[in-house]
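# Coordinate inspection notes
Listed below, chain by chain, are the residues.
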Amino acid sequence: MSNVFVIDSDCKPLNPVHPGHARRLLKQGKAAVYRRYPFTILLRRVVEQPEVQPLRLKLDPGSKTTGIALVNDANGHVVFAAELEHRGHAMKDSLDSRRASRQGRRQRKTRYRKSRFQNRRRKKGWLPPSLESRLANILTWVARLCRYAPITAISQELVRFDLQLMENPDIAGVEYQQGTLQGYEVREFLLEKWERTCAYCGKQNVPLQVEHIHPRANGGTSRMSNLTLACEPCNTAKGTQEIEVFLKKKPDVLKRLLAQVKKPLKDASAVNSTRCALLERLKALGLPVECGSGGLTKWNRTTRGLPKTHWLDAACVGKSTPDVLSQKGVIPLRIKATGHGRRQMCVPDKYGFPKQHKERKKTFLGYQTGDLVKAITPKGTFEGRIAIRHRPSFRLEKVDIHPKYMRCVQRSDGYEYTQKGVRHAPPHS
């Protein structure tokens, strides 16, 4: 596994040590466990003038997963590695669901607060909550690792995706200024593209409606590549079905339609939108920040013969990458952002009507949902994350256990950890 972080009794970071050395310090009583994930020990003394080796924190930001690596530039050792999984897509789905519930209640004229979107202004540099969540996750772990390790520099992969070139590899010059709708409106463009015929049945000279090939109810977008024309009977018959299900008996039509569909560029757009904001916030930490391109990262990885993973990509970011990277025995820590719960007191059903009311207290008997505990009961020993109930019976690994048998190992911090095949997943509350 990765090295163990060490801090002294004044919480000053020292050199990370091998897990075997950390085990000896714990057995001899010279140190205590400070944190389980990432594993950190606390020395029971103060080191006056520690001789620490400077480490470089390397980041490979991504839309869904960010690679993290701590590298010693002097000897090329990868001291720590992690892969941080974001929850931006889950946040967007939750916001969309909440927005639909509110709009439904307003349309039914149910008593509810009025919309206030016209009274609000967005501050300069505003980012959507799904993108802000990605930045917050990265900055949280940068600050956390700076408290546990002697980090003196940061490297970030500053990549920018050319979205038009990704769709059209032959684009050049003035064509960048001539988008898909150059000289057209959306409906007129679709009429020309689909030759004023229904894409499903081929009817002509009938009223045609704009149709989403991949339904919006299932996450489809309004990109031009996802729009087509359909007559009213076909549009009604398709509804929210997937195109493969609706045209199961028409394979030729299905093949022609799928040739028109292009993969959405949501992930590339998310990286483009957050790359500069992340760079500015990293510079505000006061450490020197090195930037590297995606091509340089790939060149560093291939010349060193390393496989393609998020954390190895992070270790290869920037020109400061050592000629030889020693990553033998390093097991990356899998980190998944789960959030700190929700403040919603009334949980609605899919129609927007209340179905459940939550308790106002987040903790009960000193525990809260997501705490990592170890329980020694007459039936056996259990370890994992708990889901509290407002009665003396908590849920742990599908078993109801009384809190008197529990001992808290690590408080809930909004993340789920996986290492060495052992997963401590947050329970469903």
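Position numbers for residues start from 1 in each chain and track the written sequence from start to end. For this predicted model, a pLDDT threshold of at least 70 governs which residues receive local features, and a threshold of 80 or more governs which side-chain atom pairs are given and counted, while totals over whole chains, interfaces and linings are taken from all residues. Side-chain measures here rest on the full set of heavy atoms in the structure, leaving out hydrogens and waters.

Under an unreviewed UniProt entry, the chain has the name HNH endonuclease and belongs to Ktedonobacter racemifer DSM 44963.

## Observations regarding the UniProt feature "domain: HNH nuclease" (unreviewed entry) in the chain
UniProt positions are given in the numbering used here, feature names are shortened, and annotations may be inferred rather than shown by experiment. When the UniProt feature table is mapped onto this chain numbering, "domain: HNH nuclease" (unreviewed entry) sits at residues 185-236. Secondary structure elements follow DSSP: runs of H or I no shorter than four residues count as helices, runs of E no shorter than two count as strands, and numbering proceeds from the N terminus. For the annotated span residues 185-236, helix accounts for 25% and strand for 19% of the residues, and the straight-line distance between the end C-alpha atoms is 24 Å.

## Some points on the domain arrangement of the chain
Here the domain parsing of the chain yields domain 1 (1-52), domain 2 (53-102 + 128-161 + 266-337), domain 3 (172-262) and domain 4 (356-420). For every domain, the bounds stem from an assignment made automatically or drawn from a database. Inter-centroid distance (C-alpha atoms) of domain 3 to domain 4 is 50 Å.

## With respect to the nonpolar core
Ranked by internal contacts, the top residues of the largest apolar core, which has 32 residues, are Leu57, Leu59, Ile68, Leu70 and Ile335. Listing elements by their share of this core, those giving two or more residues are β4 (55-60), β5 (65-71), β6 (78-85), α3 (129-148), β7 (151-157), α9 (266-283), β11 (333-337) and β21 (415-419). For this core, the element with the highest residue contribution is α3, accounting for eight residues. Built from parts of two domains, this core gets at least three residues from each of domain 2 (53-102 + 128-161 + 266-337) and domain 4 (356-420). By convention a nonpolar core is built from buried Ala, Val, Leu, Ile, Met, Phe, Trp, Tyr and Cys residues, the set being connected through side-chain atoms within 4.5 Å. A simple rule labels every residue: compare its accessible area, found with a 1.4 Å probe on the protein chains alone, to the largest value its type can have, and call it buried under 20%, exposed over 50%, or partly exposed in between. Counting 20 residues, the second-largest nonpolar core is a separate cluster that includes Leu190, Leu191, Ala199 and Leu227.

## Regarding the state of the cysteines
To count as a disulfide, a pair of cysteine sulfur atoms needs to be within 2.5 Å. Within the structure shown, the criterion is met by zero disulfides. Here Cys146 stays free of any disulfide, with the sulfur of Cys11 as its closest cysteine sulfur at 15 Å. The closest cysteine sulfur to the non-disulfide-bonded Cys234 is located on Cys231, 3.4 Å from its own sulfur. The exposure class of Cys234 is buried, given its relative accessible area of 12%.

## Regarding helix α8 (residues 251-258)
Looking at α8, one finds that the buried residues are Val253, Leu254 and Leu257. Mapping the buried residues of α8 onto a view down its axis gives an arc of 100°, with all of them on the same face. For α8, the exposed residues lying more than 90 degrees away from the buried face are Pro251, Asp252 and Lys255. Residues count as neighbours in contact if any of their non-hydrogen atoms are within 4.5 Å of one another. On the buried face of α8, the contacting elements are β9 (227-231) and α7 (243-246). Directions are taken from the helix axis to each C-beta atom, and the arc is the one they span.

## Considerations on the pairing of strand β2 (residues 31-35)
The pairing criterion is simple: DSSP has to find at least two bridges between the two strands. Taken together, the four bridges between β2 and strand β3 (residues 40-43) define a ladder with antiparallel strand orientation. Within the sheet, the bridge partner assigned to Ala32 lies in β3 and is Leu42.

## Digging into the confidence of the model for the chain
One confidence number per residue, pLDDT, is output by the predictor and ranges from 0 to 100. Residues with a pLDDT of 70 or more make up 94% of the chain, whose mean pLDDT is 86. Residue range residues 421-429 is modelled with pLDDT below 50. Its contacts to residues more than four positions away, or to other chains, number 25 contacts.

## Thoughts on unusual backbone geometry
Note the cis peptide between Tyr37 and Pro38, where omega equals -15°. As for its placement among the helices and strands, Pro38 is situated in the loop between β2 and β3. Of note, Glu195 is a non-glycine position whose phi angle comes to about 55°, a positive value. Note that Glu195 resides in the loop between α5 (186-193) and β8 (208-212). In the Ramachandran plot, Leu365 falls in the positive-phi region, its phi being about 55° despite a non-glycine side chain. Position of Leu365 among the secondary structure elements: in the loop between β14 (363-364) and β15 (367-368).

## Side note on the packing of α3 against α9
Fitted lines through C-alpha atoms serve as axes, helices being fitted only where they are in contact, and the angles separating the N-to-C directions of these axes extend from 0 to 180 degrees. Contact geometry of α3 with α9 gives a least axis separation of 10 Å together with a crossing angle of 35°. Of the two possible hands of crossing, α3 and α9 adopt the one that is right-handed. Residue-level contacts link Leu131, Glu132, Arg134, Leu135, Ile138, Leu139 and Val142 of α3 to Ala270, Ser273, Thr274, Ala277, Leu278, Arg281 and Leu282 of α9. Each residue receives one of three labels: charged for Asp, Glu, Lys and Arg, nonpolar for Ala, Val, Leu, Ile, Met, Phe, Trp, Tyr, Cys and Pro, and polar for the others, Gly being one of them. A breakdown of the residues in the contact of α3 with α9 according to their chemical character gives nine nonpolar, two polar and three charged. It is the rotation of the near helix from the far one that decides the hand of a crossing: anticlockwise by less than a right angle makes it left-handed, clockwise makes it right-handed.

## A word on the packing of aromatic side chains
In this description, a pair of aromatic rings is defined by centroid distance and the angle of the planes. Two aromatic rings, drawn from Phe, Tyr or Trp (for Trp, its six-membered ring), form a pair once their centres lie within 6.5 Å of each other, and the interplanar angle then sorts them: stacked below 30 degrees, edge-to-face above 60, tilted otherwise. Within this structure, the stated rule accounts for nine aromatic pairs. A ring pair is formed by Tyr34 and Tyr148, whose centres lie 6.3 Å apart and whose planes are at 75°; its orientation type is edge-to-face. Residue Tyr34 is found in strand β2, and its partner Tyr148 is found in helix α3; the two are separated by 114 residues along the sequence. Ring geometry for Tyr367 against Phe394: centres 5.9 Å apart, planes inclined by 75°, an arrangement best described as edge-to-face. Taken together, the residues Tyr367 in strand β15 and Phe394 in strand β18 (residues 394-396) connect sequence positions 27 residues apart. Here Tyr367 falls in the buried class, since its relative accessible area comes to 10%. Chaining the aromatic ring pairs together yields one cluster made of Phe5, Tyr34, Phe80 and Tyr148. Criterion for a charge above a ring: Arg CZ or Lys NZ at most 6 Å from the ring centre, at most 35 degrees from the ring normal. Stacked on the ring of Trp126, the Lys or Arg Arg122 has its end atom at 3.9 Å from the ring centre. The ring of Tyr148 has Arg147 sitting right over it, with the charged end atom 5.8 Å from the ring centre.

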